[in-house]
Amino acid sequence: MDQVQALRRSAHPLPIRIMHWIGATAIICMFLSGWAIYNASPSLPFTFPPGLTLGGWLAAGIAWHISMMWVLFADGLAYLAYGTISGHFWRDLRPSGPRALVRDLGDALRFRLPHRIGHYNAVQRLLYTGVILCICVAVLTGLSIWKPVQLGWLAGLFGGYPLARHIHLAMMFCIIAFLAVHLLLVAIYPRTLVSMVASTKAEVDR
Amino acid sequence: MIRRRRHVPPSVGPVEISPEVAKLSRRRLLRNGASLGSLALLTGCDLSTHSGIDAALWAMLGFNDHVQAALFNPQRLAETYPASAITRPFRFNAYYPIWEVRMVPENWRLAVTGLVADKSPWTVDRLRGLPQQAQITRHICIEGWSQIGQWSGVPLHLFLRRVGADLRARYVAFTCFDGYSTSIDMASALHPQTILALDFEQQPLSPEWGAPVRLRIPVKLGFKSAKNLESIAVTNTYPGGFWENQGYDWFSGV
């Protein structure tokens, strides 16, 4: 559809590119500072290497976490607003039906899924929608464990403080899993990295 | 809630060099060493230096405290639980290990200082003569773990009114005979669930749980619930605290 339009439009409009990189930086900082906080009282039988954390100890980890939290929050709200109003979510990220997903997933696992810049196949739609939801849940559980009394209704939604804390950690692992696939695909298709930096026209069907 | 800019602690312990402080400084040195070796670009980002990044982090902590004060609803109660939900065994926590717990000094009295009308000291018996309130609430540690405990004692708002405290003052500060200290905002001090606890699990506090009287404030993180109190001060001068001076978020409301 809309091949003529696809010829003209940018693969990733400038606001998306800006918000992507601000969000990516914020989330990496949230990981690294979150690991410093986790290490103070690990709920799983391991800790993160202290050298890989931001802040190095609990108080500094928290200071980083609640500083970058505002960046992520502002960037995330701007992105959700832009994605909704511009039609980006509906056009590009709306999950395709199960049939398309099975077909694209099968192709992807055999490394036969064509990657066209500016177009979103069923696997990408699923992954991007999934990671956006995970980030939203991470933010909401984060607010729950930051303010379990003042935002008691929110913490209650996630089953109370201790469970909200575990879900918060689980979301981190989900986002890391997404990031691993995301970075692997960028390594396989380096021109996607270019298209997220410089203005690049969307590709047409080959 | 406006607060004076916090003093960034110098590398030498701010108080007399006690073994605990020396141990902390050593730990911090080790931590700094570890981050120097790894995230070299980000040294001076652990709140202990005078770097620009640390200054920005302290400023963000201050901004965050304003947001927390604005989010604080003086009427909203922390969730309470049935006796069956009490965590057993209850976890000991302090800035020192349990075998260093201090016994209550002889002739202990609770001093009341600062902006109060009546500065007469308090004995445990005199505190028990005031109305008591019991609660089973969740103690949430800044480290992330939490546990449910049972305390009872004198509501702090009642105590502050009884001693004729200036309730428009900004801070209520607590010092402890184990070397600990902390401070809270007046709004949180007047919260109906903030108590000067005398009992833990329906027994008079034993030393490890904060004998003879401790603060119990379920609308703050656990480190604000100071144990082994020796004095309470009402003041407009930012008092800081043992952990707050090292970088724990001052407001630390939950």
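Computed from a predicted structure; not experimentally measured. (Residues numbered from 1 in each chain as written. Chains lettered and ligands numbered in written order. Predicted model: local features only at pLDDT ≥ 70, side-chain atom pairs only at ≥ 80, totals over all residues.)

We now examine the overall build of chain B. A tally of helices and strands in chain B yields five helices and nine strands. Within the span of chain B, comprising 254 residues, buried residues form 38% of the whole. Sequence-distant contacts in chain B: of pairs separated by 6 or more residues, those separated by 24 or more amount to 71%. (Helix = DSSP H or I, 4+ residues; strand = E, 2+ residues; numbered from the N terminus. Buried ≥ 20, exposed ≤ 12 C-beta atoms within 10 Å, placed from the backbone. Contact = placed C-beta atoms within 7 Å.)

Our next topic: helix H2 (residues 52-71) of chain B. Its 20 residues place the ends of H2(B) 29 Å apart at the C-alpha level, agreeing with the 28 Å of an ideal helix rising 1.5 Å per residue. Looking at H2(B), one finds that the buried residues are B:Asp54, B:Leu57, B:Leu61, B:Asn64, B:Asp65 and B:Gln68. The buried side chains of H2(B) occupy one side of the element, clustering within an arc of 110 degrees when seen end-on. In H2(B), the exposed positions angled more than 90 degrees off the buried face are occupied by B:Gly52 and B:Ala70. Packing partners of the buried residues in H2(B) comprise helix H3 (58-85) of chain A. (Expected span 1.5 Å × (residues − 1). Arc of directions from axis to C-beta.)

All names here are of chain A. In terms of domain boundaries, chain A breaks down into domain 1 (11-94) and domain 2 (96-198). Spacing between the C-alpha centres of domain 1 and domain 2 amounts to 12 Å. Sorting the residues of the side of domain 1 that touches domain 2 by element identifies helix H2 (14-40), H3 and helix H4 (88-93) as the ones contributing at least two each. Among the elements that take part in the side of domain 1 that touches domain 2, H2 stands out by supplying six residues, more than any other. (Domains from an automatic or database assignment.)

Listed by partner, the interface residues are 26 residues for chain A and 35 residues for chain B. With eight residues, H3(A) is the single largest residue contributor to the side of chain A that touches chain B. A breakdown of the residues in the side of chain A that touches chain B according to their chemical character gives 17 nonpolar, seven polar and two charged. (Nonpolar A, V, L, I, M, F, W, Y, C, P; charged D, E, K, R; others polar.)

Moving on to helix H6 (residues 122-146) of chain A. All names here are of chain A. Between its first and last C-alpha atoms H6 spans 36 Å; for 25 residues at 1.5 Å apiece the expected length is 36 Å, and the two agree. If you check which residues of H6 are buried, you get Ala-122, Val-123, Ile-135, Ala-138, Thr-141, Gly-142, Ser-144, Ile-145 and Trp-146. On its buried face, H6 sits against H3, helix H5 (98-109), helix H7 (152-157) and helix H8 (161-188).

The axes of two packed helices give the description: the angle between them and the distance between them. Residues and elements named next belong to chain A. In contact at an axis separation of 7 Å, H5 and H6 are set at 100 degrees when each is read in the N-to-C sense. Comparing their axes, H6 and H5 come out roughly perpendicular. Each of Ala-100, Leu-101, Asp-104, Leu-105 and Ala-108 in H5 lies in contact with H6, whose residues at this interface are Ala-122, Val-123 and Leu-126. Split into classes, the residues belonging to the contact of H5 with H6 amount to seven nonpolar, no polar and one charged. (Axes fitted to C-alpha atoms, helices over the stretch in contact; angles between N-to-C directions. Parallel < 35°, antiparallel > 145°, perpendicular 65-115°, else oblique.)

Right, let's talk about the sheet that holds strand E9 (residues 229-235) of chain B for a bit. All names here are of chain B. Read across the open sheet, the four strands follow the order E1-E9-E4-E5; overall the sheet is mixed. Edge positions in the sheet fall to strand E1 (111-114) and strand E5 (181-185), since each has one partner strand and no second. Strand-to-strand twist in this sheet, taken as the mean axis angle between neighbours without regard to direction, amounts to 20 degrees. Where strand E4 (residues 171-176) and E9 come together, six bridges link them in antiparallel fashion. (Pairing = 2+ DSSP bridges.)

Residue and element names in this part refer to chain A. The contact between H6 and H8 brings their axes to 8 Å, and the two run at 150 degrees. When the axis of H6 is compared with that of H8, the two are roughly antiparallel. Here the hand of the crossing between H6 and H8 comes out left-handed. Across from Leu-127, Gly-130, Val-131, Cys-134, Ile-135, Val-137, Ala-138, Thr-141, Gly-142, Ser-144 and Ile-145 in H6, the residues of H8 making contact are Tyr-161, Ala-164, Arg-165, Ile-167, His-168, Met-171, Met-172, Cys-174, Ile-175, Phe-178 and Val-181. Each residue belonging to the contact of H6 with H8 can be placed in one class, and the counts come to 16 nonpolar, five polar and one charged. (Left-handed = near helix turned anticlockwise from the far one by under 90°.)

Right, let's get into the pairing of strand E3 (residues 146-155) of chain B. For a regular strand, side chains alternate in direction, first toward one face of the sheet and then toward the other. Residue and element names in this part refer to chain B. A large share of E3 lies buried, amounting to seven of its ten residues. One ladder, built from eight bridges, connects strand E2 (residues 133-140) with E3; its direction is antiparallel. Directly across from Gln-133, in E3, lies its bridge partner Gly-153. Between E2 and the antiparallel strand that follows it, E3, lie five residues; Gly-144 among them carries a positive phi value of about 115 degrees. Strand direction decides the pairing type here: E3 and strand E6 (residues 195-200), joined by five bridges, are antiparallel. Bridge pairing in E6 places Ser-152 opposite Asp-199.

Our focus in this paragraph is the nonpolar core. Grouped together as the largest cluster of nonpolar side chains are 80 residues, with contacts concentrated most on A:Ala59, A:Ala60, A:Ala63, B:Val172, B:Leu196 and B:Ala197. Of all the elements, H3(A) adds the most residues to this core, at ten residues. Dropping the residues within four chain positions of it, B:Ala197 is found in contact with B:Trp151, B:Ser152, B:Gly153, B:Leu205, B:Val213, B:Arg214 and B:Arg216. (Core = buried A, V, L, I, M, F, W, Y, C linked by C-beta atoms within 7 Å.)

All names here are of chain B. Taking burial as the measure, the five residues of E5 include five buried ones, the bulk of the element. Alternating positions in E5 separate into two faces, Ser-181, Ser-183 and Asp-185 on one and Thr-182 and Ile-184 on the other, with burial throughout. In sequence, E4 turns back onto E5 through a hairpin of four residues, with Gly-179 there showing a positive phi of about 90 degrees.

Another point: the environment of A:Asp104. Checked against the element boundaries, A:Asp104 lands in helix H5. A:Asp104 has contacts with A:Leu113, A:Asn121, A:Ala122 and A:Val123, leaving out every residue within four places of it along the chain.

Looking now at the environment of A:Leu133. Residues and elements named next belong to chain A. Here Leu-133 shows up in helix H6. By the C-beta count within 10 Å, which is 12 here, Leu-133 ends up exposed. Taking the C-alpha atoms as reference points, Leu-133 and Ile-175, separated by 42 residues in sequence, lie 9.8 Å from one another.

Along the chain, A:Ala155 turns up in helix H7. Between the C-alpha atom of A:Ala155 and that of A:Ser144, which follows or precedes it by eleven residues, the distance is 4.5 Å.

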